[in-house]
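If you want the building blocks of each chain, they are given just below.
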Amino acid sequence: MYTKYIKEYELIGVSPAFYLSKYGTHFKLSHLLESMTLIKEQGFENLQLEIFHPEQLEEWTDESCRKLKEHSRESGIGFSQFCAHFLLASFNSPESLRTDWGYKEADFLGERLAEFGLTKTVTIPVAAFSGNPGDSEMQDLFHKKIEVYRDIFTMRDISLALEPQPGSLCADLSFLERHSGVGLNLDPGHLLCSGIDPFSLDCSVLSRVISTHLCENDGKENLSSAPGTHDYPWEKLMGNLQSCGYPGSYDLEIICPSESVGEIYGEAKFFLKQYCMQNK
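Residues numbered from 1 in each chain as written. Predicted model: local features only at pLDDT ≥ 70, side-chain atom pairs only at ≥ 80, totals over all residues. Heavy atoms only, no water.

**Q** Which parts of the structure should I look at to understand the sheet that holds strand β4 (residues 121-126)?
**A** Sheet strands line up and pair through hydrogen bonds in the backbone, either parallel or antiparallel. Within the open sheet, the eight strands sit side by side as β7-β6-β5-β4-β3-β2-β1-β8. Their pairing is parallel. Each end of this open sheet is capped by a strand with a single partner; those strands are β7 (209-212) and β8 (250-252). Within this sheet the neighbouring strands show an average axis-to-axis angle of 35 degrees, counted without direction. (Pairing = 2+ DSSP bridges. Helix = DSSP H or I, 4+ residues; strand = E, 2+ residues; numbered from the N terminus. Axes fitted to C-alpha atoms, helices over the stretch in contact; angles between N-to-C directions.)

**Q** What exactly am I supposed to notice about unusual backbone geometry here?
**A** Working note: non-glycine residues mostly have negative phi, and peptide bonds are mostly trans. We note that Asp-157 has phi near 60 degrees; this positive angle belongs to a residue other than glycine. As for its placement among the helices and strands, Asp-157 is situated in the loop between α6 (136-154) and β5 (159-164). Not every positive phi belongs to a glycine, and Leu-173 is a case in point at roughly 70 degrees.

**Q** Any chance you could explain helix α3 (residues 62-75) here in plain terms?
**A** If you check α3, its first and last C-alpha atoms are 20 Å apart, about what 14 residues at 1.5 Å a residue would give, namely 20 Å. Buried residues belonging to α3 abut α2 (29-41), β2 (46-50), β3 (78-83) and α5 (103-116). Immediately downstream of α3, the backbone of Gly-76 shows phi near 80 degrees, a positive value. (Expected span 1.5 Å × (residues − 1). Contact = heavy atoms within 4.5 Å.)

**Q** When you look at the side chain of Gln-165 in this model, what are you seeing that I'm missing?
**A** Tracing the backbone through its elements, the reader meets Gln-165 in the loop between β5 and α7 (175-178). Ignoring any residue separated from it by four or fewer positions in sequence, one finds Gln-165 in contact with Leu-88, Pro-125, Val-126, Ala-127, Ala-171, His-190 and Ser-194.

**Q** Which parts of the structure should I look at to understand the nonpolar core?
**A** Within soluble globular proteins, side chains that are nonpolar tend to cluster in buried spots. In this structure, Trp-60, Ile-124 and Tyr-265 are the most contacted members of the largest nonpolar core, which totals 80 residues. Beyond its immediate chain neighbours, meaning those up to four positions away, Ile-124 contacts Ala-84, Leu-87, Phe-91, Tyr-149, Phe-153, Leu-160, Ala-161, Leu-162 and Glu-163. (Core = buried A, V, L, I, M, F, W, Y, C linked by side-chain atoms within 4.5 Å. Buried < 20%, exposed > 50% of the residue type's maximum accessible area, 1.4 Å probe, protein only.)

In structure tokens:
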């Protein structure tokens, strides 16, 4: 399966970590617009949208969505996915699994994305679970909630991906076997800290990847460090992704000091292009 290089024309983008590092979790839509200008200057092609806190939904008015769409058209920056971080609280405790909080909010989000044609992919991060992840009742409740979220988005022709964090109810990736209509957001950093080697995944998993948060760590501390920080075979992972039919953008997810965002993301993009993409 291993292919040494991915094609040179594949898109490279940034995850919300770009503007989270720069502006904090209470970023405004104006910060997204500003970020689009910054990443365009650095030669990136895609940006991921995000809502981190539930109250940030209030900013997603018709006018705001039109501004995003217009700025995307003018700048040439696409939206590779929407990271619904605010829905993370749907799965982090037994109590959260027993409520229907998040359904109405997800429905509103799906309506906005579809109406304005912003993106066709939504990722929901799944946080560490405060109860027993192996409890059969908790697993059943978890999978039922996933089905509801999947249906909310697929009815609008939007694909759903999960981003499993260490200790979550889907950290072992077994949800891929149960939910054929749900994809994987590939975050190598999270997988490393979950005891999974992302650089040795076979096509049964890689063929389900529909979005990316490309980062790494030492497998002990769940950091989002730049690809190339440690000695991992990134050219192998990215080549295998392509061989397994991954159709999307290769998006960097790096948490770093605000004053270093431009420099660190630029270096990481250079690493991907120089060492993991075919050079003419």
